[in-house]
Amino acid sequence: MVTASLASAIIRSASAQCTQRSSSISRLSPALNANPLGNRCRHYFSSLPNDAPSSRSSPSQPNTIESYVSGPTTHFGFTSVSINEKERKVRQVFENVADNYDVMNDFMSGGLHRYWKDELLKMTGVGPMAKVVRRRASLNYAANSDLKSGDGMNGKAAVLFSILDVAGGTGDIAFRFVDAAKCEERSKSSGSDEISVTVCDINPEMLRVGESRARKRFGSAILDETCALKFVEGNAQYLPFDDNSFDLYTIAFGLRNVTDVDMALRDAYRVLKPGGRFLCLEFSHVTNLPLAKLYDLYSFNVIPQLGQMVANDRDSYQYLVESIRKFCTQEELVSRMETAGFEGVQFTNMTGGIVAVHEGWKPL
Ligand SMILES: C[S@@+](CC[C@H](N)C(=O)[O-])C[C@H]1O[C@@H](n2cnc3c(N)ncnc32)[C@H](O)[C@@H]1O
């Protein structure tokens with residue numbers, strides 16, 4: 001298959017993974033307001049209309065003559081569009097691709113996206129962390145023999161580790177967390193779970209596909225009884241969650257689609273608990289020239305054609321390719337994360353910089 005052979009050529013010529021550290025800038029952490037998610041088993045709707053700018057932060061201001069006439073603009077692939085237009089168009093793209101999204105990911109990347117997502121999972125440390133959390137909970141229950149899991153919580157165990165996967169789409173990343181934390185097993189033996197995984201996405205179509213995949217794969221108890229897995233509609237720029245709610249925030253192949261990246265980074269910081277961790281897996285900039293040429297050739301010539309052949313939708317896949325080229329460089333994203341308040345920011349290139357994982361911490 002053409003994609004598979006191109007993908008393996010790309011892997012062969014890709015340089016080894018490289019991690020770069022950047023100096024972290026200390027910042028004052030905002031007032032602590034420990035307010036863990038209490039709305040278990042409830043599906044959220046964004047508290048703000050998706051097109052409305054948040055009262056928490058202002059949208060980009062006009063900075064060109066044209067933008068004073070037509071309002072602030074941004075890019076949609078290689079085209080310049082108004083801010084509202086971008087959000088509408090991105091929504092349309094993912095509405096169009098929702099049903100074919102998972103198949104197309106395999107076609108376009110020759111299966112590589114699975115490897116990148118598995119690497120992201122390893123970097124989050126969710127598997128080992130879940131073991132520690134579950135062990136600690138069972139020791140607590142054993143030490144207080146009267147205290148059963150969930151006593152005092154209306155029969156529900158208190159959530160000790162909460163994960164938010166933003167722009168989570170059809171659930172690929174969240175399902176890895178559920179597997180690593182053994183939430184499915186737990187849902188078959190208990191009515192509650194100390195670990196919670198929330199998928200948040202702006203697009204109800206992507207969430208619909210994700211939720212139906214989750215029911216098929218894990219059964220319904222995880223969604224309706226233990227509520228260890230939730231699907232919530234919301235915009236990364238003004239998430240429908242309380243401040244200081246999550247231990248881990250991930251966003252995979254989502255940040256470049258968000259209209260105002262800085263606003264999304266600030267909101268990620270807001271919803272993380274102090275000491276919480278942010279990880280972003282995103283297409284990035286290839287560092288090796290011959291690989292960059294091969295990758296350009298493949299992206300611009302093959303991917304839109306594949307979109308046409310498999311999903312009967314060339315334009316959406318043309319946008320995906322262009323949006324990757326317009327997204328900021330590895331170093332720019334480090335600096336934007338630091339500006340949002342994250343500390344210990346670093347990135348890891350994979351497959352020669354075709355993708356990169358950026359990570360940072362919300363300080364205590
Ligand atoms: C390329 S998909 C990635 C899905 C999933 N994370 C994965 O890796 O398979 C991008 C997702 O970002 C979502 N998205 C775009 N803009 C968003 C926003 N402002 N807030 C939340 N989600 C957004 C889209 O609806 C889409 O589901």
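Note that the coordinates shown come from a computational prediction; the quantities given were computed from them, not determined experimentally. (Residues numbered from 1 in each chain as written. Predicted model: local features only at pLDDT ≥ 70, side-chain atom pairs only at ≥ 80, totals over all residues. Heavy atoms only, no water.)

Draft legend 1. Just the side chain of Thr259, in detail. By the secondary structure assignment, Thr259 is in the loop between β7 (246–252) and α11 (261–271). Setting aside residues up to four positions removed in sequence, Thr259 forms contacts with Thr74, Ile83, Lys86, Glu87 and Gln237. (Helix = DSSP H or I, 4+ residues; strand = E, 2+ residues; numbered from the N terminus. Contact = heavy atoms within 4.5 Å.)

Draft legend 2. Molecular detail of the confidence of the model for the protein. Chain-level pLDDT for the protein is 81 on average; 77% of the residues reach the 70-or-more range. Overall, residues 1–69 carries pLDDT values under 50, and its contacts beyond four positions in sequence, including any with other chains, amount to 146 contacts. (pLDDT = per-residue confidence, 0-100.)

Draft legend 3. Quick look at the site of the ligand. Near the ligand lie 18 residues; those nearest to it are Ala167, Asp201, Asn235, Ala236 and Ala252. Lys117 is positioned such that a nitrogen or oxygen atom in its side chain is 3.0 Å from an oxygen atom of the ligand. Between a nitrogen atom of the ligand and a side-chain N or O atom of Asn235, the distance comes to 2.9 Å. In the complex, 98% of the free accessible area of the ligand, which totals 600 Å², lies under the protein chains. Here the ligand occupies the largest cavity. Class assignment for the residues of the shell around the ligand results in 10 nonpolar, six polar and two charged. (Near = heavy atom within 4 Å. Polar contact = N/O pair within 3.5 Å; in protein donor to acceptor, adjacent residues only side chain to side chain. Areas by Shrake-Rupley, 256 points an atom, 1.4 Å probe, with all protein chains shown as cover. 1 Å grid on protein atoms, 1.4 Å probe; cavity = no way out; pocket = protein on both sides within 12 Å on 5 of 7 lines; lining within 4 Å. Sits in = over half its atoms within 2 Å of the grid points. Nonpolar A, V, L, I, M, F, W, Y, C, P; charged D, E, K, R; others polar.)

Draft legend 4. Region of interest: empty space enclosed by the protein. Overall, the coordinates contain two cavities of 30 Å³ or more when judged by the stated rule. Computed from the structure, the largest cavity encloses a volume of approximately 780 Å³. Residue lining of the largest cavity: 50 residues in total, with Phe94, Tyr101, Phe253, Arg256 and Asn257 positioned closest to the centre. Residue composition of the lining of the largest cavity, by class: 27 nonpolar, 15 polar and eight charged. (Points joined across faces, edges and corners; volume = space filled by probe spheres on them.)

Draft legend 5. The arrangement of the layout of surface pockets in detail. Quantified by volume, the second largest pocket comes out at close to 240 Å³. Along the walls of the second largest pocket sit 15 residues, with Met129, Phe161, Asp247, Gly275 and Trp361 positioned nearest its centre. Residue composition of the lining of the second largest pocket, by class: eight nonpolar, four polar and three charged.

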